[in-house]
Every structure is written in structure tokens, then in C-alpha cells.
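Listed here are the chains, written in short residue letters.
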Amino acid sequence: MNTRRIVCLLVAALISHAAIHAQESVTFNLRGVTSGVTTQSELEKSDRWGEQLEKTEKPDGSTWLEYRFWAWQKVIAVVYDGVVQSIDTVPPKRLPTQKLADALNLGELIPVDTSTSLPPAARLGAEVPDTWSIFRCSDAPGVLIFAEKIGGKKMYAKWMRFYSLQSPLKPYLGLRIRPITRAEAIQAGQSKPVGLFVEAVAPHSPCANAGIKVGDLILEFAEDSVTSTEEFIAMIHRKPIGTKHPLRILREGQELNLIATLKPRPEHLANFQMGVDLQRQGQYRNAAAMYSKAIKLTPNETMYLQRRASCRRQLGLVKEALADANEAVRIDDQSASSFLERARCLAAVKQFEDALADCQQAILIDSTKAEAFATRGSIYSRMDDAEKALVAFDKAIQLDPNLADPYVSRGSIYFTQKKYDRAIEDFSKAVQIEQRTFDAHYMRGWSYIRTDDYPSALKDFKQLITLLPNHERIYIAYYDLGKIYLNQQNYSEAVIVFTEAINRNGKYSPAYESRAKVYEELGESQKAAMDMEMVRQLAPKTTHKIPSNGLTPVFFDDFDGRSTAPGKPLFSAQSMEWITGDHTGKLTAKVQGVLPVMYTKHKLKDFVAEIEVASPSQKCDYGLVFRSDDPPDGLDYYYMLTISSDELIRLTCWKYPGWTGPKDLPLKQGLLSATRPNRLRVEVNEHRFRVYVNGTYVGEFADTTLDRAGDIGLCVSSGKPTTVVFHSFHVFQKRPSK
């Protein structure tokens, strides 16, 4: 028998033995480890993984158990809070990956990206070599196989991990609590608020069995004073399941001592708590899935419906979110929280009056609920009524100064009002209350940018990425971090973070566009071209093309000699300078405090105008100007529609003897590019102006200050010497009906 045949038989024997023994272990651990219910004691009593070699306590509170399992070189089990979270194994040498999967009935091997695809429990504690590939198994959720292609041929298994898909098994008391209010403390005879108020007790729960009732005040647990909701929950989780602990409570002025026995959480509560954890991390899709599991087990629990509605609303699934909120209100029409979630869903579809009515109903149910006033403020903010919104946020903060959301919302209003110092103060307070708050860090970062404090902005975006690495919108933080690096000409860091933004959201075209700019600066034109091709593929068709149906060009100029306009630009008699000779493909305007105008010399009625302009290096307003069509008094009257330096679309009018307006439309954060030309499109019909920026519909103006707009041109307004580069100027008019 030749050597090759002996080796093949030996490998076959290894696989067979591994399959026989490991199949039992896989079954045991897949049912236990992946569901998060295998305890350390159960693992240590079992001999399925062979001889235990070592037991190590780690600084992070975990315990590592190392075993030797026959041909498998090593087995390491990682335990947190007494529950096995993962089991790592090193398979036999030269074991083909697919044969391993087949032997253990793991199904199809699916490549995964560890930066985006793994749940928290599967995060890797050590770096994976670049030469390794990672696979998920189709028939075994909670299993990863790490493989390497050796000699350019087959993939060989190097490492295998079973990890928990669920939260660790945690002790459970079965009550809903909140801090006591000052009014309740006075009524209970306290000089200051001490203890936690019991709002609800689950039937047949450890607390119910101990005799705790709604309205009780918990003062101590396990002989330790209770200071906050978070600390009380942490105190419970630090205790082993099955242990008994004293509870000192205050009921109707009398102190009582009760005994509660900790039990494992029911499955629906475990699903709910995992949903809460995922929602706090901004993983709304995964959180909604966990809430769905909890709802399937307990369909009449309004809290689960409220939470799923919140996640669906964050994901833009407003119709489904509203259905959840309606069901929660139907189940319990005395739940203020259900009315508030429905109010938020109604506001999302702009049913503001109905949303305010639900807020009022929540306040009637519980006039001390700070969230009700915070929600009312958010609705007024969406209605652009900043004054009423600020009053509501102030009230919410007065009722509960330890609630982060009202500070974030109030800070956002200050941001839009350009009161950046006050905005930073509110966002900082929100971060102090709840560190893992996406909007607080993000908006504070932008507030620092507005005040030219780029080091602080960098710090905020970096903290956000560290605190919430798997948030649904974390790609935006990477993108804005990259824009700062780009402006600082730190191209190496800019490429890294733009690439990460693309990894997190491969359909986010601004990241490709910005990375293309970096590649251009680095002289890597081929990579830049590839990124711009992705931009063209991802951008809506309306971004770069005007529908030809019913439209015909009346003015077309790319400022490179291919123009349908008069050969020499026209402009106002004010002091300014247009330069065209040395700028092939673009028109440069050098201005200071003036309004230059270049007219089409066409009398326009219904038409579409587009310009493409590079973002100015200094703050200024730039855009289009419309001159009234032959006013009877012979004076020139104007509409001026511009992209303003504070990222608004602004319409102002000049009619002798002065300006009127302005009217503003806000632009979404990130819609304007600081590195590539921006396209402004305006559809003019009578006195209505429909506005698009970079292919995105922004809104419309209706203004009858002037007669119909006739001529059209370019405009720039700046308080300092500023250069603005126009790349193109196109005007299309509706074809006359036959």
C-alpha cells in the first residue's frame, strides 16, 4: 500500500472518529451553547469534551475552560455569569473544511464579513490571519468555521466556534420599577426621594411569590441600599439563580422584610431583554426580530408591541409600526406609553393633529410622565414650531432631569437656530446621562464642526464608532469622520474611514464619491474612476438626467465651447469678474458682496433649470436668479434661489424698494458634498418652484410676490472675496402642445 493511500485512510479515520464523537458534542452544544442555557456546572460535569486541562479566570470576569478531545487538538469554553457563551475548537490537521461540515451535518458553508455579519456573542477576541476565510453554516446557526487555502488547493479547517445566539441566562424577579418622584416621597413621609417604586408585578414571578405588590417602595435588596433602577438590575444579575435574598420595602408607611428566590427568566423575557440590548446598540432590525419572538409567546404584552413599533419606525417601516402601536392601545387603553408610541408613528406620517391628541391622552393618564412632554415637543419640532417645542422640552426636563431624549431634541433646535454653544451644552448633558446615545454624539460632533472645533468633532465621531460599532446608521459617522480627514488633507486616514463607511453600507453613494476625491488627490485615477462608476450606478436616474419627455433645451452650457447660449456671458453692471479662458469645462466667478447675473436672453414660462457648482471654499450663497417677465413699470424685479452657507435652500425676492423673504427649505445632513460638484435643479411652474439637490427632492416654494419669471441666470452673494466654480448651466422648457 503506497504512502498516499495510507494518508487518505488516516484522514478518513480521523474524520470518522471526529464525526462519531463530535456529533454528540455538536448536538449538546448547539442546543445548549447557541440557546444560551448551558451552564458552567453542566459543562464541567459532562465528559463530552474529554479531559479538562485548565481553568482560568480572566480580568473581564469570564472563565476559560480548556479540554483535550482526541484528534481535536484543543477545546476552549468561554463562560460569562455561569453560562457558556462560546466553545472554540481546533480540528485535526489537514481536515478539509467541506468534509468537516459534511461529517457534522452543518449544511452549506456561507462566507461572512466579520465586521458586519456577526452578532455580539460571536465577536472574535483575537485577530484572524488575513489568509483565513470565515464561513457560517446554513443548518447550524451559531457555528463558525475558519479555514485556509493551503497550496492554492483545498480549504482546510483551522478553527471552529460555537457561540450563543441568545443573551446569557440571567436571574429574574419579575417586576417593573422606576425612581420615586418627589411628590411620592413626600406622601410616603420621606424628606428626600429614596428607593424604587413598583409599577407592576408579573403573575407567578419570584416577586409575586414573595408578596411584593404594586405601589410598594423597594429600599434594600440583599441588605444593600437601592439607589437606581440600573444598579438594582445589576445587583440582581450578580446573584446566582436559585438563591434567596431579603428585600426591605416600604408599604403604606410601614417597613416590611420579604424573601425572594431568584429564578431564570422565562423565554419571552429573555427574547425581550435581548431585543432591548440590541435596540440600545442601534441594531433595530435584529431587535425587532427578538421582540417578534417575545410577542409570539405573549401576544398581549403591550411593552413588547411598543418596542417593536419603535424599531420598525426607526427602520422606516411606519405602516407596520403604526399597526403595532394601534394593537398596544387596543389591548390597554390606559397605557400612556402605548399612546406615546402611536403619537410618534402618526407624526412620522405627518398626521400631527392626531399625534398631539395621543400625547394629550397620555398626559391625562399620567401627568408626571416626562416622555409625554418630550414626545409633544418632537411633534411641534416636526411642525416647525420651535417655540412650542422648546416649552415642551423644558417641561420634560423639569419633570425628569435624568432623561436624555429631551436634551438631544432641545439641542437639535438650538443647532438649527445656530446657537451652537447651547446645543453643545444639551448634547453633553445627554451623553452624561446616557453615554451610548447616537444622536447626542453625532449632533455634538456637527456642532463642533460649525464652531470650527475639529479636534472635538473628531473625538465625538470616534467615540460614537467605539460605543456603537453595530448601529444601523454608524456608516454616517465613518463618512463624516472621513470628510474631516479629507478637509485636513489626511488622505491615508480618509481612505480607511470612507472604505469602512462603504463596508457598512455598500449603497451609500456619497462615501464612494468622497473616496474618489481622495484617490484623485493621491494620483490613483483608476480607483477614482471605479468609485465614480459606483456613484453613477447607485445614484437615482434623476440625479444626472432630465426626462426628455415634454422638455426641450433652450439654454445649454458646459462652459467648454459647447454652448447654445450667446457667445459672451452677460452680467450686471455691478463690480465682479467672470473668468472663462483658462477654465475649460467650467466658469469661475470671483465676487465680493455682489450679485452677478448671467441671463439666458429667453422669455421663459414653465421650465426646468439645472446648475452644477463646486462647493465654495468660503461661506457664500450661490444658485439661480429669475428676472420678472417684462414688469409694467420697467424695473427689474428678481427671485433669487440659492444654496445658502448654512445648508438651506433659500428663496428671496427683490421688488423695489427692497428685498422680501427669505423662505427656507432645510437640506438633509450629508446631502451636499464638500468634495464634488453639487447639482441644483428647479422646476418652475407659474409661481411654484420645485427644488431638487443632487437628485433628491427637497420641497417647493409658492410665491406670488412678482410677476411670472422670465429671464434666468447665475448668482453668487458673498461678504468676502470668494471664488465659485460653475461646471454647467442647463435650461429646458416644456414643448408647446400641438
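Residues numbered from 1 in each chain as written. Predicted model: local features only at pLDDT ≥ 70, side-chain atom pairs only at ≥ 80, totals over all residues. Heavy atoms only, no water.

Caption draft 1: Examining the overall build of the protein more closely. Tallying secondary structure elements over the protein gives 22 helices and 29 strands in all. The contacts in the protein between residues at least 6 apart in sequence include a share of 55% that link residues at least 24 apart. Looking at the protein as shown, the accessible area adds up to about 36700 Å², and 50% of this sits on carbon and sulfur atoms. (Helix = DSSP H or I, 4+ residues; strand = E, 2+ residues; numbered from the N terminus. Contact = heavy atoms within 4.5 Å. Areas by Shrake-Rupley, 256 points an atom, 1.4 Å probe, with all protein chains shown as cover.)

Caption draft 2: Region of the structure containing the confidence of the model for the protein. Confidence along the protein averages 76 in pLDDT terms, with 76% of residues attaining 70 or more. Considering only residues more than four positions removed or in separate chains, one finds that residues 540-549, a stretch of pLDDT under 50, has 14 contacts. Contacts from residues 565-585, a stretch scored under 50 in pLDDT, to residues over four places away or in other chains number 42 contacts. (pLDDT = per-residue confidence, 0-100.)

Caption draft 3: Spotlight on helix α20 (residues 491-504). With 14 residues, α20 should cover 20 Å at 1.5 Å per step; its first-to-last C-alpha distance of 20 Å lies within 8% of that length. Buried residues of α20: Y491, A494, V495, V497, F498, E500, A501 and I502, and no others. (Expected span 1.5 Å × (residues − 1). Buried < 20%, exposed > 50% of the residue type's maximum accessible area, 1.4 Å probe, protein only.)

Caption draft 4: Inspection of unusual backbone geometry at higher detail. In this model, E223 sits at a positive phi of 65°, which is unusual for a non-glycine residue. Following the sequence through the fold, E223 ends up in the loop between β12 (217-221) and β13 (224-225). Accessibility expressed as a relative area gives 65% for E223, which makes it exposed.

Caption draft 5: Local environment of the pairing of strand β7 (residues 143-149). Of all seven residues making up β7, six are buried, and the element is well covered by its neighbours. In the sheet, strand β6 (residues 132-137) pairs with β7 via five bridges, with the strands oriented antiparallel. Within the sheet, the bridge partner assigned to F135 lies in β7 and is I145. When β7 meets strand β8 (residues 155-163), the two strands line up antiparallel, connected through seven bridges. Bridging from a neighbouring strand, V143 pairs with F162 of β8. (Pairing = 2+ DSSP bridges.)

Caption draft 6: Up close: the nonpolar core. Within the largest apolar cluster, 82 residues are counted, with the highest numbers of intra-cluster contacts made by I379, Y442, F461, L464, I474, L481 and V518. With 10 residues, the single largest contributor to this core is helix α19 (residues 474-487). For Y442, the contacting residues outside a window of four places in its chain are F461, L464, I476, D480 and Q669. Formed by 33 residues, the second largest nonpolar core is a distinct cluster that contains F626, L680, V682 and V724. (Core = buried A, V, L, I, M, F, W, Y, C linked by side-chain atoms within 4.5 Å.)

Caption draft 7: Representation of the side chain of R444 in the model. One can find R444 in helix α17 (residues 438-450). Given a relative accessible area of 11%, R444 falls into the buried group. A distance of 3.0 Å separates the side chain of R444 from the side chain of S428, its partner in a polar contact. In this structure, R444 is in contact with I424, F427, S428, V431, D439, D460 and Q463, ignoring residues within four places of it in sequence. (Polar contact = N/O pair within 3.5 Å; in protein donor to acceptor, adjacent residues only side chain to side chain.)

Caption draft 8: Layout of the packing of helix α15 (residues 404-416) against helix α16 (residues 420-433). At their nearest, the axes of α15 and α16 sit 8 Å apart, and the two run at 165° to each other. Taken as axis vectors, α15 and α16 run roughly antiparallel relative to one another. When the axes of α15 and α16 are compared, the crossing they make is left-handed. Where α15 abuts α16, its residues A404, Y407, V408, R410, G411, S412, Y414 and F415 lie against Y420, R422, A423, D426, F427, K429, A430 and I433. Here the contact of α15 with α16 is built from residues that sort into 10 nonpolar, two polar and four charged. (Axes fitted to C-alpha atoms, helices over the stretch in contact; angles between N-to-C directions. Parallel < 35°, antiparallel > 145°, perpendicular 65-115°, else oblique. Left-handed = near helix turned anticlockwise from the far one by under 90°. Nonpolar A, V, L, I, M, F, W, Y, C, P; charged D, E, K, R; others polar.)

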